[in-house]
Amino acid sequence: MVKTYRRFSIRRVERQKITKGQFFALFSSITNSGASPRTLNFPPNPPSPPAPITESCLKQAILDSEWHLIKHVSSINPLLVSNVLHELRASPEAVQALTEKLGFPYLDIGCYCLAVVILSQLPSPKPALQLLKQMISSRVDVSKEIFNKLVLANDQLDISSTVVLDMLVKALCELKRGDEAFQCFDMMQEKGILPKIETCNALLSLFLKSNRTETVWVLYAEMFRLRISSTVCTFNIMINVLCKEGKLRKARDFMVSMEVLGFRPTLVTYNTLIHGHCSRGKFEDASIIFSEMKAKGIEPDSYTYNSLISGMCREGRLDEASVFLCKMEEHGLVPTAITYNALIDGYCSKGKLETSINYRDEMIRKGIMPNVITYNLLIHELFIEGKMIEADNLIKEMGEKGICPDEITYNILINGYCKYGKSKKAFYLHDEMLGKGIQPTLATYTPLIYVLSKTKRMMEADDLLEKITRKGICPDIIMFNALIDGHCTNGNIDRGISLLKEMETKNISPDEVTFNTLMQGYCRVGKVEEARWILDDMKRRGVQPDHISYNTLISGYSRRGDMKDAFKVRDEMLTKGFNPTLLTYNALIQGLSKNKESDHAEQLLNEMVSKGVNPDDSTYFSLIEGIGNVEDFLGNST
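So, here is what we can say about the structure in this document. Within each chain, residue numbers correspond to sequence positions counted from 1 in written order. Only residues with pLDDT of 70 or above have their local features reported here, since the model is predicted, and side-chain atom pairs are shown and tallied only from 80 upward, although totals for entire chains, interfaces and linings are computed over all residues. With hydrogens and water set aside, each side-chain value is computed from the structure's full complement of heavy atoms.

Structural notes on the pattern of salt bridges
Quick note on the threshold: What counts as a salt bridge is simple: a side-chain nitrogen of Lys or Arg found within 4 Å of a carboxyl oxygen of Asp or Glu. Note on conventions: DSSP H or I runs of at least 4 residues are helices, E runs of at least 2 residues are strands, and numbering of each starts at the N terminus. Each residue is assigned to one of three classes by its accessible area relative to the maximum for its type, calculated with a 1.4 Å probe on protein chains only: buried under 20%, partly exposed between the two thresholds, exposed over 50%.
Across all of its chains, the model carries 30 salt bridges by this definition. Residue Arg360 is joined to Glu397 by a salt bridge in which the shortest nitrogen-to-oxygen separation is 3.0 Å. With Arg360 in helix α21 (residues 353-365) and Glu397 in helix α23 (residues 388-400), the pair connects residues that are 37 residues apart, well separated along the chain. Taking the relative accessible area as the measure of exposure, Arg360 reaches 9% and is therefore buried. Beyond isolated ion pairs, a larger network of salt bridges with shared partners links Glu284, Glu315, Arg317 and Glu320.

Structure follows, in structure tokens:
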């Protein structure tokens, strides 16, 4: 008798309590299309199509964590999962596991929103927030769709709380998608849902951190219109906004209003005000706020002292900053790298490198490790003082301590080596930073262009300009000036003029340095009329000539002996409020001497001495060239 096999019945499964082993056995019978060896002598029956899994069966499999088996059931779809989620509303832990183990195509955005609403009922908001962020991150600009699906899910699950919508705004804020968060804020209003103050604070804080202070005020006005009551956190954010805008008086008034409304300022309130005043150079006012804070029994913390020490260092009050460091420690507060970096920066800016290094050594003795900022400050000052060997030693020390150079480190090094004409080393560092995945910026390329220009490698400089433009980096006025100077110095003034036109196409306005460089280029090759045209063009564009502009023209006219025009420029210079300098007098005396107008030259010498301009060797050499009898001249001048 041939043994036959019963076809799988999903209803039979539903009527029985299914164990893990039984589910696996039944699941295997669905997917096994092979026949028993005992039936090989008979024509095989076509395999039966797998029966669709039911909601109750899927629910039980989820509760039993049969994820491997569930993933092999082809009939699972978002509609089925959605129905099961309704049945699992009382088991948020199982729902959380479901969202972690299954994804698309099993779940669509509607399923995810149902899951988020269920998870939002948990004591901790983290699971719901995390799932929301995953949904948002996997899509582009779908906040409106998610919002509507969450509203629908709330209705389907008959949940009156709208906390999930606040969570959506918060998730968008944490992902720094401010415009979408604000859009959801508006949609909540449209549905008559009042956002929680914590939601509003998250939005305000995001726009503050993004420096979008105008948007902060728009949102704050909307909160006021909706009668959403502020908290201390709200006031602190708005005080921070006013400080960032430089409205320090209004910031202090805001704190007074806060107290009138019954809110007691906190340490954060005072720290915000102190930092705001110190960053704007208002250290005296910051000291007054510090005293008020202590009088009210609010003890300062490390942030307070760091702000004050940084403010003192910016104003050059280094001795006071050092005293404050001692006071900080006396109050049991431990200085940080931020504290010492402020002091090191202050002393470096005053050229007191030895004291800066002593502070670096002190922080190490106290177990405070220097960071990349510490080393950047010291390396920068070493290059300013021309101590390249010591700078190299600090770079080695960074490597030994496991501190990786950052973009600023490389820019300091490249700029330093370019300044001293070491182009090979500078370009090696450029390649090294690329190899480490650090992208060069405008601050990286400007000194490289400069060093190429100074070493007469103008073709390479032009190629580098083209390369960085292709990278999407827009050259600035400093880079163009360096290029124009290089070409003009090397006699290629036409290229300098073409770069001027290129600046115009990029909406980069030339400055007095640009025009002075072109004028010097023309005067160097004797084209003084063209230089005069540049000066006139400069004035037409609203760029005011400076003493270099006038001295360049005076020198150009004098060099070719055209003293009438040279003195016209000198007179124009005087009417513009510029006093003649040593360069002015030397150029005029040189021109007069070449024209053998020694009497006039002698008059200018007397004039310059009477005006407190001391002659130099160049002055006397020019005079000697133009006189016939040196002894007579020296006798007359005494």
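A word on the packing of aromatic side chains
To be explicit about the condition: A pair of Phe, Tyr and Trp rings is counted when the ring centres sit within 6.5 Å of each other, with Trp represented by its six-membered ring. The angle between the planes then sorts it: under 30 degrees is stacked, over 60 is edge-to-face, the rest tilted.
Overall, the coordinates contain 13 aromatic pairs when judged by the stated rule. When the centroid spacing of 5.9 Å and the interplanar angle of 45° are considered together, the rings of Phe182 and Phe207 count as tilted. Of this pair, Phe182 sits in helix α11 (residues 178-190) while Phe207 sits in helix α12 (residues 197-209), and the two are 25 residues apart along the sequence. The two residues Phe182 and Phe207 agree in class, both being buried. Ring-pair connections join several aromatic residues into one group, and the members of that group are Trp217, Tyr220, Phe235, Phe254 and Phe263.

Section: the side chain of Thr199
Operational definition: By the convention used here, residues are in contact when the closest approach between their heavy atoms is within 4.5 Å.
Structurally, Thr199 is set in helix α12. When sequence neighbours within four positions are dropped, the list of residues in contact with Thr199 reads Asp166 and Val169.

Re the environment of Met433
Mapped onto the secondary structure, Met433 falls in helix α25 (residues 423-435). The class for Met433 is buried, based on a relative accessible area of 0%. The sequence separation of Met433 and Tyr410 amounts to 23 residues, and the corresponding C-alpha distance is 7.0 Å. Discounting chain neighbours no more than four positions away, the residues touching Met433 are Tyr410, Asn411, Ile414, Ile438, Gln439, Pro440 and Thr444.

Some thoughts on the nonpolar core
Threshold: To define a nonpolar core, start from buried Ala, Val, Leu, Ile, Met, Phe, Trp, Tyr and Cys residues and group those joined through side-chain atoms within 4.5 Å.
Residues Ile146 and Leu150 are the most contacted members of the largest nonpolar core, which totals 193 residues. Of all the elements, helix α7 (residues 109-119) adds the most residues to this core, at 10 residues. Once you skip the residues sitting within four places of it in the chain, Leu150 turns out to touch Cys113, Val116, Val117, Leu132, Val164, Leu165 and Leu168.

A closer look at α7
What counts here: Nitrogen and oxygen atoms within 3.5 Å of one another constitute a polar contact, given that in protein one can donate a hydrogen and the other can accept it, and given that sequence-neighbouring residues count only through two side-chain atoms.
Of all 11 residues in α7, 10 are buried, a share of seventy percent or more. Among all positions of α7, only Ile109, Cys111, Tyr112, Cys113, Leu114, Ala115, Val116, Val117, Ile118 and Leu119 are buried. Structurally, α7 contributes buried residues whose contacts are with α5 (78-87), α6 (92-101), α8 (126-137), α9 (143-156) and α10 (163-174). Its side-chain oxygen at 3.1 Å from the backbone nitrogen of Gly110, Asp108 defines the N-terminal cap of α7.

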